[in-house]
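Listed below are the residues making up each chain.
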Amino acid sequence: MDTTQITDTPPPAAQPTATEQKRAARGATRPGDRIFLGLSRGSGIFLLVIMAAIAVFLTYRASLAISKDHGNFLTTFEWNTGLQEPVFGIAVLAFGTIVSSIVAMAIAVPVAVAIALFLTHYAPRKLSGPIAYVIDLLAAVPSIVYGLWGALILVPHMNGLFGWLDDYLGWTGIFSWQGGAPRSMLTVGILLAIMILPIITNVSREVFRQTPRMNEEAALALGATRWEVIRMAVIPFGRSGVISASMLGLGRALGETMAVATVLSPTFDIQASLLDPGGGTFAQNIASKFGEATEFGRDALIASGLVLFVITLLVNGAARAIIARRAEYSGANA
Amino acid sequence: MAKRIDVSGLTAYYGSHKAIEDISMTVEPRSVTAFIGPSGCGKSTFLRTLNRMHEVTPGGRVEGKVMLDDEDLYGTGIDPVSVRREVGMVFQRPNPFPTMSIFDNVAAGLRLNGSYKKSELAEVVEKSLKGANLWNEVKDRLNKPGSGLSGGQQQRLCIARAIAVEPKVLLMDEPCSALDPISTLAIEDLIGELKERFTIVIVTHNMQQAARVSDRTAFFNLAAVGQPGKLIEIDETERIFSNPSVQATEDYISGRFG
Amino acid sequence: MSTATVSTLKGARLPKWSPYAIAGGSVGLAIAIGLAAGLDSRVQWGLIAAILFIVGTYGIAARVEGKRQAKDRIATSLVWVAFLLAVIPLVSLVWVTVVRGIKVLDLYFLTHSMGVVADTEPGGGIYHAIIGSLEQVGLATLIAAPVGVLTAIYLVEYGRGKLSKAITFFVDVMTGIPSIVAGLFILSLMLQFEMQPFGFAGSLALAILMMPVVVRSTEEMLKLVPNELREASLALGVPKWRTILKVVLPTSIGGITTGIMLAVARIAGETAPVLLLVFGNPFINTNPFEGAQSSLPLYIYQQYANSAGSGAAYDRAWAASLTLIAFVMILNLVARGIARWKAPKTGR
């Protein structure tokens, strides 16, 4: 038999060999080894301590505020921490955070996936390398710059689009517009979408690029068009990667502070329309209210930050769970 | 249903590198034609020009004519997608779609053309799996992922997938090189059955295999590394292995190949 | 079977120029509709043209070439449209920042503070913000880089068992912390111990954001070091810690440096924690351990937010943005340069 079989060498994982472990055990008695092990293990433990401290201190300071809340922390539509009997609740913030993130995801994910496909399957090869590199760099542009651009350039350009949406889709209620400055949830969502586009694109592109060539050829050999190849071989293979990329983007959108704070003109209420200014997000509310907040007010903001923290943890956890489940099904590919 | 392939003056390139040069041959319908030759002689490249898969590789291009009955695959107005539907292909390593079930893998090609009823689809899937001698082994787990099968079963699944769309020609690119001897035997038996219905072209590194399965054998060679591969001769398999007309063929077959 | 009459291979194909023709036609039609209906926004014209193009392509292609080809063409156009659509804001961002930023960006701007300049007046600069940024980011790196690298060494070289699993898990969790939450954590400490804003508090929050990034990238790099290298060294009787210091780290130092630089670039642009903890200060304060400081991203925000539409403040905000982007991009480019230059040595 011939031996042209391709064997994938597994990446050199840091699995210990028996000898290495024995040596490590013996070596640990040397002072040098003990110090080094102590240092590196200490660093790891230090990280755990920080996480614990974050949880403990945020919860403690938050409990100081929540215990004196004369409203319901979860359902109150108000944020008045300066009163004798302070009243504040996160309902509006939770709503605004989720709405703006949904808008951002609804725009960014399809576009990012399309760009990733463009780079891997449509663009001329000479073009796709440099474009991918530039997109990589754009992922590093600080969020405050996006915020400045959003507030000074994007907002004025939204008027036309808003009028149009109001004319044709105003009847839905979601796209009705009373003509205020377009510093609304939709604008925020669009800006967030632009911000998370590079990161989602990059991760998706990496995943699509790793589609096994032989699966694509199998589809081609069945007489599939380019689009059908993508649907049969590329997207199923990359789905879990795209989901994890999207969750990464979602995590950023949920916690984004400055871009929202610069663009949104916040009010503390919930409204159906995405076009009328108003609403707020956790992060934006913290940044906007922090300046004039008393110590108690800051504790209340810490309480809202704790909720944001929990939400992002849940999102990240969900992403990991999805990926783990998909991996079982599609992993047996080697 | 099977069709004749008539190649004349075919040259294929990777970018500026000429991979094969000036190949002409005829492949008879309802027969098995084997391509043998040393590594790098372009036999796989040539195979891929027969269903326009060569041009999928970046920089790949082709000159010359490939007539499928009386149509030139490289003529103007020919849609490569339709070509690949007529000329199916099985690859060196089994490549079922990892996210699809066994059933969906076989049905994949059919679904491309849309309008099939469920019962029709099930019928074709069963027929194709039976045609690939796989039905009895998988009929109870059609909804399990195809990647859970053994290598040999996966390869037969790929053959079932290829024949489900009723191609005229079936190209096989070293279909057994990643398989164990028993699976190889199963595939070779299958090839014998499939030639009743299809025109089959198989690339193989294994001369015994060529001798066992093929009716005609083509020997490819290259003058030196970096030189384009060429067709040395094509003849009845029996003659190639007993009394080839070219010395190089005999050297290669008897193992005296430098 | 004679197939001379009907070819099964020859799908009817639209000519190569057809996408351009359809594009031209739909743009023309869109302009006509726009003029006729008196639509004044060019965004609307563009949208109408895009819709016409897609519907037109599908209609014509489905008719001539069949549904499957039509779908393929639609996918192709959508992918191109998505790409062009995304390019517009990203190019605009870079373009506007450069064009507006260059206006007041000069040596004076880089070497003066806002100490005696009102936010609405022209003049002043970002010297104090640069000092603040460098100190805060520098201190954060001094904390986060060693902790991150050492943790990664523990995870890759020593860690098996529960502790390393816990660390891996919480590093993942830490990666997802929003920057404002990291700021709130330090803020809660400051409230607890009744401290006033100062630069180092910002550094601590930035360090929290930076650590998991450094751990992750360093881990990746250490895992690339082939095990044979470690074994070869251990087999020579070299103690494990010296093996790590003399064999493992030098092999992966390029990648580790790249990871750290990318992490620095990331935290250099963080605004939210700095806003909460460092507060901002128009004067030059070179002491990060006492008193409010400024930083570049914070400066941009405050120029935008505190100056009620003053053009001079916006100009300064753009110029500071340009400086910040330039700093971040140079870090990125150098980091990637190092990665590329060192790559072959990691055995890839």
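Computed from a prediction, not measured in an experiment: that's the story for all the values here. (Residues numbered from 1 in each chain as written. Chains lettered and ligands numbered in written order. Predicted model: local features only at pLDDT ≥ 70, side-chain atom pairs only at ≥ 80, totals over all residues.)

1. With respect to the overall build of chain A
Along chain A, the regular secondary structure elements total 11 helices and two strands. Along chain A, helices and strands appear, N-terminal first, in the series α-α-β-β-α-α-α-α-α-α-α-α-α. Each of the 334 residues in chain A was classed as buried or not, and the buried ones make up 51%. Considering only contacts in chain A between residues 6 or more positions apart, those separated by 24 or more positions represent 73%. (Helix = DSSP H or I, 4+ residues; strand = E, 2+ residues; numbered from the N terminus. Buried ≥ 20, exposed ≤ 12 C-beta atoms within 10 Å, placed from the backbone. Contact = placed C-beta atoms within 7 Å.)

2. Topic: the overall build of chain C
Helix and strand content of chain C: 13 helices and zero strands. Order of helices (α) and strands (β) in chain C, N terminus to C terminus: α-α-α-α-α-α-α-α-α-α-α-α-α. Computed over the C-alpha atoms, the radius of gyration of chain C is 28 Å, more than 25% above the 20 Å expected from 2.2 N^0.38 for a compact globule of 348 residues. In terms of its C-alpha atoms, chain C occupies a principal-axis envelope of roughly 85 × 70 × 40 Å. A buried classification covers 48% of the 348 residues belonging to chain C. Considering only residue pairs separated by 6 or more positions, chain C has 74% of its internal contacts joining residues 24 or more positions apart. (Rg over C-alpha atoms; globule rule 2.2 N^0.38 Å.)

3. Digging into the interface of chain B and chain A
It is common to give the size of an interface as the accessible area that goes away when the parts come together. Facing the 28 residues of chain B at the interface are 24 residues of chain A. Of all the secondary structure elements, the ones that give two or more residues to the side of chain B that touches chain A are α2 (80-86), β6 (87-90) and α3 (102-112) of chain B.

4. Overview of the nonpolar core
Ala108(A) and Met210(C) are the most contacted members of the largest nonpolar core, which has 265 residues in total. Once residues lying within four places of it in the same chain are set aside, the contact partners of Ala108(A) are Ala193(A), Ile196(A), Leu197(A), Ile200(A) and Gly249(A). Within the second largest apolar cluster, five residues are counted, among which are Ile22(C), Ala30(C), Ala49(C) and Phe53(C). (Core = buried A, V, L, I, M, F, W, Y, C linked by C-beta atoms within 7 Å.)

5. Comments concerning the domain arrangement of chain A
Residues and elements named next belong to chain A. The domains assigned to chain A are domain 1 (29-66) and domain 2 (79-330). Summarising the inter-unit geometry, the C-alpha centres of domain 1 and domain 2 are found 32 Å apart. Tallying the contact residues gives seven residues for domain 1 and eight residues for domain 2. When the residues that make up the side of domain 1 that touches domain 2 are grouped by side-chain class, the tally is five nonpolar, one polar and one charged. (Domains from an automatic or database assignment. Nonpolar A, V, L, I, M, F, W, Y, C, P; charged D, E, K, R; others polar.)

6. So, the packing of helix α3 (residues 91-122) of chain A against helix α8 (residues 226-255) of chain A
When two helices pack together, you describe them by how their axes are tilted relative to each other and by the distance separating the axes. Residue and element names in this part refer to chain A. Two elements in contact, α3 and α8, have axes whose closest approach is 9 Å; the angle formed by their N-to-C orientations is 140°. On the basis of the axis angle, α3 is oblique to α8. In this structure, the crossing between α3 and α8 has a hand that is right-handed. Where α3 approaches α8, its residues Thr97, Ser101, Ala104, Met105, Ala108, Val109, Val113, Leu117 and His121 are matched on the opposing element by Arg226, Ile230, Val242, Ser246, Gly249, Leu250, Ala253 and Leu254. Looking at side-chain class alone, the contact of α3 with α8 contains 11 nonpolar, five polar and one charged residues. (Axes fitted to C-alpha atoms, helices over the stretch in contact; angles between N-to-C directions. Parallel < 35°, antiparallel > 145°, perpendicular 65-115°, else oblique. Left-handed = near helix turned anticlockwise from the far one by under 90°.)

7. Some words on the confidence of the model for chain C
Residue and element names in this part refer to chain C. When pLDDT is averaged along chain C, the result is 87, and 94% of the positions lie at 70 or above. The secondary structure element of chain C with the lowest average pLDDT is helix α2 (residues 42-64), at 81, and the one with the highest is helix α5 (residues 127-158), at 95. Between residues 1-5, whose pLDDT stays under 50, and residues either more than four places distant or in other chains, the model counts three contacts. Across the whole predicted complex the pTM is 0.86, and at the interface the ipTM reaches 0.88. (pLDDT = per-residue confidence, 0-100.)

8. Some points on the confidence of the model for chain A
All names here are of chain A. With 88% of its residues at a pLDDT of at least 70, chain A reaches an overall mean of 85. Taken element by element, the predicted model of chain A shows its lowest mean pLDDT in helix α1 (residues 18-27) (50) and its highest in α3 (94). In the predicted structure, residues 1-14 sits below a pLDDT of 50 and forms 15 contacts with residues beyond four places in sequence or in another chain. Note that residues 329-334 has pLDDT below 50 and, in this model, 12 contacts with residues that lie over four places away or in other chains.

9. Focus: helix α4 (residues 118-131) of chain B
Structurally, the α-helix is built with 3.6 residues per turn, so residues lying three or four positions apart point the same way. All names here are of chain B. With 14 residues, α4 ought to run about 20 Å at 1.5 Å a step, and its terminal C-alpha atoms sit 20 Å apart, in line with that. Residues of α4 that are buried: Val124, Val125, Ser128 and Leu129. Seen from one end, α4 has its buried residues packed into an arc of 130°, which puts them on one side. For α4, the exposed residues set more than 90 degrees away from the buried face come down to Ser119, Glu120 and Glu123. Residues of α4 that are buried in the fold lie against α3, α5 (135-138) and α6 (151-164). Phi for Asn133, located one or two positions after α4, is positive at around 55°. (Expected span 1.5 Å × (residues − 1). Arc of directions from axis to C-beta.)

10. Side note on the pairing of strand β10 (residues 229-236) of chain B
Residue and element names in this part refer to chain B. Looking at chain direction, strand β9 (residues 216-222) and β10 are connected through seven bridges and run antiparallel. Opposite Thr217, over in β10, you have Asp235 as the bridge partner. Between β9 and β10, which pair antiparallel in sequence order, lie six residues; one of them, Gly226, sits at a positive phi of approximately 95°. (Pairing = 2+ DSSP bridges.)

11. Quick notes on the interface of chain A and chain C
Contacts between the two partners involve 75 residues from chain A and, on the opposite side, 82 residues from chain C. Looking at the side of chain A that touches chain C, the element that brings in the most residues is helix α2 (residues 31-66) of chain A, giving 18 residues. Partitioned by chemical class, the residues of the side of chain A that touches chain C number 49 nonpolar, 16 polar and 10 charged.

12. Looking at the domain arrangement of chain C
The domain boundaries assigned to chain C delineate domain 1 (18-95) and domain 2 (111-346). Each of domain 1 of chain C and domain 2 of chain C was reduced to a C-alpha centroid, and the two centroids are 43 Å apart.

13. Quick word on the packing of α5(C) against helix α6 (residues 162-175) of chain C
All names here are of chain C. Two numbers describe how α5 lies on α6: the axes approach to 10 Å, and their chain directions differ by 130°. One way to sum up the angle between α5 and α6 is to call them oblique. Of the two possible hands of crossing, α5 and α6 adopt the one that is left-handed. Each of Thr151, Tyr154 and Leu155 in α5 lies in contact with α6, whose residues at this interface are Ser164, Ile167 and Thr168.

14. Here we look at α5(C)
Over its 32 residues, α5(C) extends 45 Å from the first C-alpha to the last, a length consistent with the 46 Å expected when each residue adds 1.5 Å. The element α5(C) is extensively covered by neighbouring structure, given that 24 of its 32 residues are classed as buried.

15. Brief notes about unusual backbone geometry
Despite not being glycine, Asp69(B) shows a phi value in the positive range, around 50°. With respect to the helices and strands, the residue Asp69(B) is situated in the loop between β4 (60-68) and β5 (71-72).

16. Some thoughts on the environment of Ser217(C)
All names here are of chain C. Here Ser217 shows up in helix α8 (residues 199-224). Here Ser217 falls in the buried class, since 22 other C-beta atoms lie within 10 Å of it. Here the alpha-carbon distance between Ser217 and Lys103, two residues 114 residues apart in the chain, equals 38 Å.

17. Here's the deal with the pairing of β6(B)
Residues and elements named next belong to chain B. Judged by which residues are buried, β6 turns out to be covered on both faces: Val87 and Met89 on one side and Gly88 and Val90 on the other are all buried. Bridge count between β6 and strand β7 (residues 169-173): four bridges; the pairing is parallel. Of the residues in β7, the one forming a bridge with Val90 is Met172.

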